[in-house]
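Listed below, chain by chain, are the residues.
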Amino acid sequence: MKNEPLESVPHDDMAIFRRSLGEYCVKTHGDFATVNLIVTLRRTVSELTSVLEAYTGDVKVTPGRMNILMALDASPEKRMPLSDLGDHLVVTRANITGLIDGLVKDGLVQRIDHPEDRRMVLAELTQKGRKFIAWLGPIHHKLVNKIGNCLDEDEKVAITGWLDCLRAHIRALDVPQVEPFRE
């Protein structure tokens, strides 16, 4: 790592949990390294989400909402069809609808009819949304840079590649259906 080696991290907050997890994996013939990876990924995502949501004040900006705001802001007209937003951000239509609903409620985004296709709805940044993302963007990028500054460029590229590989593997898995637990 760029700033300090892992061995010098002063406190492994998951040490006790990892010890019991390791004992459980031995008992159940589980693969500790894989279970530890999954638990650590979930914990990291949870902590990252908490940090990213904590600094925006009264307007709750989840990572999903931030992605929509940034996508709309990057669009030349500050608007996109909802279907394109879903494709762009790789999320479901239902997820986009819920995120847009919240942003509309906060006055940051408005739904408008497509000028040429009545079946299509566009999400557009409102004036408040444009001001908000202009204010939040630099703050957000400063925090993101601060979060990532413990890794050098090669480490970031490697971790991203590993996570892409893991996601592709997970999507391709044939997960068997199991019978529901019954007492």
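As shown above, the structure is provided for reference.
The model shown is predicted, which means the values in this text are computed figures rather than measured ones. (Residues numbered from 1 in each chain as written. Predicted model: local features only at pLDDT ≥ 70, side-chain atom pairs only at ≥ 80, totals over all residues. Heavy atoms only, no water.)

Trainee: Teacher, can you tell me more about the overall build of the protein here?
Mentor: In terms of regular secondary structure, the protein is built from seven helices and three strands. Tracing the protein from N to C terminus, the helices and strands come up as α-α-α-β-α-α-β-β-α-α. The C-alpha atoms of the protein give a radius of gyration of 21 Å, which is well past the 16 Å a tight globule of 183 residues would have. Within the protein, the proportion of its 183 residues that are buried is 25%. Long-range pairs, those at least 24 residues apart, make up 52% of the contacts in the protein with a sequence separation of at least 6. Counting only carbon and sulfur atoms, one obtains 58% of the accessible surface of the protein, whose full area is about 13,400 Å². Of the charged side chains in the protein, 24 are positive and 27 negative; the average position of the first set lies 6 Å away from that of the second. (Helix = DSSP H or I, 4+ residues; strand = E, 2+ residues; numbered from the N terminus. Rg over C-alpha atoms; globule rule 2.2 N^0.38 Å. Buried < 20%, exposed > 50% of the residue type's maximum accessible area, 1.4 Å probe, protein only. Contact = heavy atoms within 4.5 Å. Areas by Shrake-Rupley, 256 points an atom, 1.4 Å probe, with all protein chains shown as cover. Lys, Arg positive; Asp, Glu negative; His and termini not counted. Charge placed at Lys NZ, Arg CZ, Asp CG, Glu CD.)

Trainee: Help me understand the pairing of strand 3 (residues 121-125) in this model?
Mentor: One face of the sheet, then the other: side chains in a regular strand alternate in exactly this way. With four of five residues buried, strand 3 lies mostly within the body of the structure. Inspection of the sheet shows strand 1 (residues 79-81) paired to strand 3 by three bridges, in the antiparallel sense. When the sheet's bridge partners are listed, Pro-81 is paired in strand 3 with Leu-122. Bridge analysis of strand 2 (residues 109-113) against strand 3 gives five bridges, and the strand direction is antiparallel. Bridge pairing links Val-109 to Leu-125 in strand 3. (Pairing = 2+ DSSP bridges.)

Trainee: What should I look at first to understand the pattern of salt bridges in this one?
Mentor: Side-chain pairing between opposite charges can occur once the charged atoms of the two side chains come close. Enumeration according to the criterion identifies eight salt bridges in this entry. Linking Asp-101 and Arg-111 is a salt bridge whose minimum nitrogen-to-oxygen distance equals 2.5 Å. One end of the pair, Asp-101, is in helix 5 (residues 93-105); the other, Arg-111, is in strand 2, with ten residues separating them in the sequence. Residue Arg-111 is classed as partly exposed on the basis of its relative accessible area, which comes to 35%. For Asp-164, the salt bridge goes to Arg-167, with nearest N and O atoms at 2.8 Å. Of the two residues, Asp-164 and Arg-167 are both situated in helix 7 (residues 153-172); the distance of three residues between them amounts to about one turn of the helix. Judged by relative accessible area, which is 36%, Asp-164 ranks as partly exposed. The exposure class assigned to Arg-167 is partly exposed, which follows from its relative accessible area of 45%. The structure contains a network of salt bridges with shared partners spanning Asp-13, Arg-43 and Glu-47. (Salt bridge = Lys/Arg side-chain N within 4 Å of Asp/Glu carboxyl O.)

Trainee: Even after reading the chapter, I still don't get the side chain of Thr-62, so can you show me in this structure?
Mentor: Counting through the fold element by element, Thr-62 comes out in the loop between helix 2 (32-54) and helix 3 (63-74). For Thr-62, a relative accessible area of 18% translates into the label buried. Discounting residues that sit within four places of it in the chain, Thr-62 has contacts with Glu-53 and Leu-99.

Trainee: Would you take a moment to explain helix 5 for this structure?
Mentor: Each turn of an α-helix holds 3.6 residues, which means side chains three or four residues apart point in the same direction. Helix length check: helix 5, at 13 residues, gives a terminal C-alpha distance of 18 Å against a target of 18 Å (1.5 Å per residue), a fit within 8%. When helix 5 is considered as a whole, its buried residues turn out to be Ile-96, Leu-99, Ile-100, Gly-102 and Leu-103. Along helix 5, the residues classed as buried sweep out an arc of 160° about the axis, all on the same side. Structural note: helix 5 exposes Arg-93, Ala-94 and Lys-105 on the side pointing more than 90 degrees away from its buried face. Buried residues along helix 5 sit in contact with helix 3, helix 4 (82-89), strand 2 and strand 3. Two residues or fewer past helix 5, Gly-107 is found with a positive phi of approximately 80°. (Expected span 1.5 Å × (residues − 1). Arc of directions from axis to C-beta.)

In short, geometric facts, not functional conclusions.
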